[in-house]
Structure formats: structure tokens, C-alpha cells
Amino acid sequence: SSTLRSRASSSSSSSSSSAAASAPTAPEDIAAWRAATDVVKDILGDDDDERADTVVAKAFGWRAQGYWRNQKVCEVPNMERIEASLAYLASVGVTRENIGAIVSKQPEIFACDVEQLEAATTHIEKNFFMKRNTSGFVKFVVRVPMALGCNVDCAGEGRACEGECNRCWART
């Protein structure tokens, strides 16, 4: 995409390590990025390269770290992992259209691995009494997509706040 190309060319001349100013520069990394943006455009039903770049950049830690907290920093998209995560979401009843709504609201979910999604689904079933493959479950994750990325439960485990509020079940 044009944004990726402009960021890639500017990052090669810059020595800054800022995630917002960087983009993949190796040919295989650029190909992986483009493949990921193509999937995003398909999911969103939108051919907007800028929007797809923004989703991929947020999802894989190329932008602000409010969600990932340096767990993902300028990670190159892995298509096998992306497809596995999308397949997992479909297996629990989330349609492609619903995935588009989720990714629009919480781009980072696009980069969550299957283990994270499975743990979140299990937590939702146990603590919110919703079963996967039901309309209630799907409506919940579309309404509160951050729940799919939650992996901290300060309140539920009786601990002091860990400061990971963007990924804490207390916010759902």
C-alpha cells in the first residue's frame, strides 16, 4: 500500500527506533504485511489501504503500546497465525462480518494467538455464563471485543491492580 511504501522508505533513512515511524523493509516482511492488510480489507469489506495499514500497525505493535505494553513491538504479521485465529473465531460462532466489527473496534484482536482467544473464550463461558456458538456469546464479543484479549483478572483473583487495565477482565 502507499502508506506502507512511504513509511518503509522513510524508515530506511531514519535511525529512529520509534514504532510509529517504522515499517517492515525486508521484501519478505513487506509481503507478509501486504498479505495481512489484504485479509483486513476482506474482513472489513473495505478497500481502504490506509485503514488496513492502521489496523495491522495497531495489531502488531507498530503504533502506540497502550494495549500490548511492549509484548509486541514492530512484529511482522504471521499469516499462519492470523488464519488460525480467524478459524478459531469462526469455530466459536463468530462470522466473518462479526470479525470485521471486532477488528474495527479493537484492532489488536487481529494479532491475538489462538491460545489467548481460547483462554478468553473459556473465561467468558465460566464467568459470564455464555456458551460459545450462541448468539449471546457472539453479541457479547462484538459489543465488548476487548474481552477476547483480556488475560489479567486483578479483581477476580483478589490481587492489587497490576496496571494492565487494557487487558483486564475488571473493565469488561
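On a predicted model such as this, the values are computed, not experimentally measured, just so you know. All residue numbers refer to position in the chain's written sequence, counted from 1. pLDDT decides what is reported in this predicted model: residues at 70 or higher carry local features, side-chain atom pairs at 80 or more are listed and counted, and totals for whole chains, interfaces and linings draw on all residues regardless. The side-chain figures draw on all heavy atoms in the structure; neither hydrogens nor water molecules are used.

**Q** Any details on the overall build of the protein chain? Residues and values, ideally.
**A** When helices and strands are tallied, the protein chain shows seven helices and zero strands. Secondary structure elements are defined from DSSP: runs of H or I of at least 4 residues count as helices, runs of E of at least 2 residues count as strands, and each element is numbered from the N terminus. Reading the protein chain from its N terminus to its C terminus gives the helix and strand order α-α-α-α-α-α-α. Looking at the protein chain residue by residue over its 172 residues, the buried ones come to 46%. Contact between two residues is taken to exist if any of their heavy atoms lie within 4.5 Å; hydrogens are not considered. In the protein chain, of all internal contacts separated by at least 6 residues, the share reaching a separation of at least 24 is 56%. Values of accessible area rely on a 1.4 Å probe in the Shrake-Rupley scheme; residue burial ignores everything except the protein chains shown. Accessible area for the protein chain stands at about 8,300 Å²; split by element, carbon and sulfur atoms hold 50% of it. Classification of residues uses two cut-offs on accessible area relative to the type maximum, computed with a 1.4 Å probe and protein chains only: under 20% is buried, over 50% is exposed, and between them is partly exposed.

**Q** Explain the pattern of salt bridges residue by residue, including any values.
**A** We define a salt bridge as a side-chain nitrogen of Lys or Arg found within 4 Å of a carboxyl oxygen belonging to Asp or Glu. All told, the structure shown has eight salt bridges when counted by the stated rule. With a closest N to O distance of 2.7 Å, lysine 41 and aspartate 49 form a salt bridge. We classify lysine 41 as buried; its relative accessible area is 16%. Under the relative-accessibility criterion, aspartate 49 is labelled partly exposed at 28%. Where arginine 96 meets aspartate 42, a salt bridge forms, and the shortest distance between an N and an O atom there is 3.1 Å. One end of the pair, arginine 96, is in helix H5 (residues 96-105); the other, aspartate 42, is in helix H2 (residues 27-44), and 54 residues separate them in sequence. Exposure remark for arginine 96: the relative accessible area of 37% places this residue in the partly exposed category. Each of Asp38, Lys41 and Asp49 takes part in one network of salt bridges that share partners.

**Q** Run through empty space enclosed by the protein, naming residues and quoting values.
**A** Here the term cavity refers to a set of points on a 1 Å grid, laid over the protein atoms alone, in which a 1.4 Å probe fits but cannot get out; the term pocket refers to an open set having protein on both sides within 12 Å along at least five of seven lines, with lining residues being those that place an atom within 4 Å of a point. Grid points are joined across faces, edges and corners, and a volume is the space filled by probe spheres set on the points. Enumeration according to the criterion identifies one cavity of 30 Å³ or more in this entry. Volume-wise, the largest cavity comes out at about 50 Å³. Along its surface, the largest cavity is lined by Ile82, Ser85, Leu86, Leu89, Ile99, Val103, Ile109 and Phe110. Counting residues per element, the lining of the largest cavity draws most heavily on helix H4 (residues 79-91), at four residues. Looking at the lining of the largest cavity residue by residue, the classes come out as seven nonpolar, one polar and no charged. Gly counts as polar in this scheme, as do all residues outside two lists: the nonpolar Ala, Val, Leu, Ile, Met, Phe, Trp, Tyr, Cys and Pro, and the charged Asp, Glu, Lys and Arg.

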